[in-house]
Amino acid sequence: QIDNEFKCHVGEDFNPHAIAHWHRWLEARYGTIEQLNDAWGTEIWSERYQRFDQVPAPVRTPFLHSASLSTAYRMFCRESIAGFMDEQSAILRRHSAAPITHNFAPAFSVNLERMTANLDFVSFDDYPAAASWDAIVFDNDLFRAAKPGRAHWFMETSVGYNGWLGNHETVHPPGFLVAEAVASYALGAAAFCYWLWKQQRTGAELPHSAILTAWGKPSLGYAAVTAVDRARRELEPLLAASRPAPVEAAVTWSDLGRAMLQTEPIGANRTHEVDYHRTVGLWHRLLVDAGVPRDVRFEGAALDGLKLLITPAMPYVSPGFLARVEPFVRAVGIWICAPVTGRRAAEHTLPTDAALGAIEALAGIETVFSFPITGTGATGEAFDCAAPLAGWCSALRATSPDTKVMGTLQSALTPGLALLTERQLGRGAVVVLGTLPEGSYGRALLAKLVAHYAAQAGIAARIECTPGTIACPRVREDGSVFHVVVNLDGQGGEVQAPGAAPLKLAPYEWRVLER
């Protein structure tokens, strides 16, 4: 394991050595200062530079730095950390053939796609409270897909509760740790590890749970750990002879998109928060609740095997990404271009050809108005659902005769304009959602949207579960499929397999279902 939790609790670095490296990075990236000036549009506010060493780091100012500069600095810091990891890997590989990993988390200020590329396998940490059970599913779906065909590790989680000086989380309910472990194993994790073995008697994590107390006695979590081991022993023969079944749906993870939204949370205001991780998590959870097995795939990942791709909150859509999406759509797939995707150009500027750039030509649409819709009283209607709207709005109009309006905007600001469009391309379709339905009615509308397009994509027959319960498909070498079903929300659940009687699960219960 290289280092530990790169950039945990840490943002960008502004020490003098980092800033000197920043100037070298800029020169290597742009070649000449004139190209940087053109890319960033530095005529605004008299920011034009004559030399690379004049470009400041985005330290705190009375107002703001250019969006181009701020996002570039975020990506510079993340590339620098990735380079540092590569240096450590190269040293280790000169002296050892042992596989190399690092423990990530989606919230850390790193470029996950760049950093995982040079590792032998991927590991992650998560310390969810029981109410955040869906984070376990998200992390396993993300890090399983990070290195296709290579099992990942769940490197750290708490046996009883997370704690540090000044705070501690709620104690896990009985059964939660077993459900967390079984779900992780079933979703492809090859290891499920704890922080920590024995409570630290010193340091910043005095209240953190451990398997043994500081005085050497079994802790509150000790029995849960032994229960996890019993479950592991029961599952291991099945898991060792199988692998996670290939998925047909995915949500896109964009490290550049995350950096852009950290610079500019597009559509946010005092009453509407915009956060990249939570937005991607929303769409992932919609797939989970729909019973659709899924990946969270990096922006640069292959689309092999997919029938449905959802891309939320990715402000810049590169020509390379579209060059992979278009043949995917024409061959078989449905691409849902979710709100904010396409709103910015490569250097964190506005596109000047169309509000959503090249997406509009592909989708057969135009954005007539682009504005923050929160607080305007606007609603959207689609799939016989109406919901309030929030965030940034692209009010759409169909420009191609084969583009269908699937949902409408109800607002005096946008008379006759569309919320949701669909254009058939080959055997697939491009679907554009112009803004985000919010609240419980918005969630119901989005759930219908996902169910509609999962069915249209021909997603294979799946195990239906009540919310809070998941089904994890596994495939054996002979091609036979079984499911590990787990209740994760502690409320119990019901599982409906095609052609079978409903199966009820007790809180945190798990079962193996043969097809």
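Here, every reference points to the structure presented above.
This report concerns the structure included in the present document. (Residues numbered from 1 in each chain as written. Predicted model: local features only at pLDDT ≥ 70, side-chain atom pairs only at ≥ 80, totals over all residues. Heavy atoms only, no water.)

## So, the overall build of the protein chain
Secondary structure summary: the protein chain contains 12 helices and 25 strands in total. Expected size for 515 residues packed as a compact globule is a radius of gyration near 24 Å; at 24 Å, the protein chain falls within 12% of this value. Taken over the C-alpha atoms alone, the protein chain extends approximately 65 × 60 × 45 Å along its principal axes. For the protein chain, the exposed surface amounts to about 22,500 Å²; the carbon and sulfur share of it is 55%. (Helix = DSSP H or I, 4+ residues; strand = E, 2+ residues; numbered from the N terminus. Rg over C-alpha atoms; globule rule 2.2 N^0.38 Å. Areas by Shrake-Rupley, 256 points an atom, 1.4 Å probe, with all protein chains shown as cover.)

## A closer look at the pairing of strand β11 (residues 334-337)
Of the two faces of β11, both are covered, the one formed by I334 and I336 as well as the one formed by W335 and C337. Between strand β10 (residues 308-311) and its parallel partner β11, the chain crosses via helix α10 (residues 319-331), and the hand of that crossover is right-handed. Bridge count between β11 and strand β18 (residues 428-433): 4 bridges; the pairing is parallel. Counterpart to W335 in the pairing with β18 is V430. (Buried < 20%, exposed > 50% of the residue type's maximum accessible area, 1.4 Å probe, protein only. Right-handed = clockwise from strand over helix to strand, strands pointing away. Pairing = 2+ DSSP bridges.)

## Some details on the nonpolar core
The biggest cluster of nonpolar side chains holds 104 residues, and the ones touching the most others in it are F104, W253, W283, L308, L449, I470 and V486. Looking at this core element by element, the count peaks at 9 residues for helix α6 (residues 176-186). Apart from residues no more than four positions distant in its own chain, W283 is found in contact with V251, I310, P312, A338, P339, L433, L446, L449 and V450. L303, L356, I365 and L396 belong to the second-largest nonpolar core, a separate cluster that totals 24 residues. (Core = buried A, V, L, I, M, F, W, Y, C linked by side-chain atoms within 4.5 Å. Contact = heavy atoms within 4.5 Å.)

## Looking at unusual backbone geometry
Across the junction of W195 and L196, the peptide omega takes the value 5°, indicating a cis bond. With respect to the helices and strands, L196 occurs in the loop between β6 (189-192) and α7 (222-240). Positive phi values are uncommon outside glycine, yet S46 reaches one of about 55°. Phi is positive for V340, close to 80°, though the residue is something other than glycine.

## Here we look at the environment of A444
Structurally, the position occupied by A444 is in helix α12 (residues 439-456). A relative accessible area of 37% places A444 in the partly exposed class. Taking the C-alpha atoms as reference points, A444 and R24, separated by 420 residues in sequence, lie 50 Å from one another.

## Considerations on the side chain of T101
Here T101 lies in the loop between α3 (67-95) and β1 (103-104). Here T101 falls in the buried class, since its relative accessible area comes to 4%. Side chain to side chain, T101 and S123 meet in a polar contact 2.9 Å long. Residue contacts for T101: discarding those within four places in its chain leaves Q1, I2, L119, F121, V122, S123 and M155. (Polar contact = N/O pair within 3.5 Å; in protein donor to acceptor, adjacent residues only side chain to side chain.)

## A closer look at the sheet that holds strand β20 (residues 464-465)
Strand order in the open sheet made by the 3 strands is β20-β23-β24, with antiparallel pairing throughout. Each of the sheet's edge strands pairs with one partner strand only, and the pair in question is β20 and β24 (503-505). In this structure, strand β23 (residues 493-496) lies alongside β24, joined through 3 bridges in antiparallel fashion. Within the sheet, the bridge partner assigned to E494 lies in β24 and is K504.

## Focus: a nonpolar patch on the surface
Together, I44, W45, F63 and L64 make up a nonpolar patch on the protein surface, roughly 520 Å² of accessible area in all. Structurally, L64 is set in the loop between α2 (33-40) and α3. (Patch = residues over 30% accessible without salt bridge, like charges linked within 9 Å, V, L, I, M, F, W, Y side chains within 5 Å. Salt bridge = Lys/Arg side-chain N within 4 Å of Asp/Glu carboxyl O.)

## Overview of α10
Relative to the 18 Å expected for 13 residues at 1.5 Å per residue, α10 spans 19 Å between its end C-alpha atoms, a close match to the ideal helical length. All of the buried residues in α10 are F321, L322, V325, F328 and V329. Within α10, the buried residues cover an arc of 130° as seen down the axis, which keeps them to one side. Across from the buried face of α10, at angles greater than 90 degrees, the exposed residues are P319 and A323. (Expected span 1.5 Å × (residues − 1). Arc of directions from axis to C-beta.)

## Let's talk about the pairing of strand β9 (residues 294-298)
Within β9, 5 of the 5 residues are buried, which leaves it mostly tucked inside the rest of the structure. Where burial is concerned, the two faces of β9 agree: the one with R294, V296 and F298 and the one with D295 and R297 are both buried.

## Thoughts on the environment of S158
Relative to the helices and strands, S158 resides in the loop between β3 (152-156) and β4 (163-164). Overall, the relative accessible area of 1% leaves S158 in the buried class. In this structure the C-alpha to C-alpha distance between S158 and V110, which are 48 residues apart in sequence, comes to 23 Å. Excluding anything up to four places from it in sequence, S158 contacts Y127, H172, L177, W195, H208 and S209. Within the local environment of S158, its side chain forms a polar contact with the side chain of H172, the two groups lying 3.2 Å apart.

Everything listed here is a matter of geometry and, on its own, says nothing about what the molecule does.
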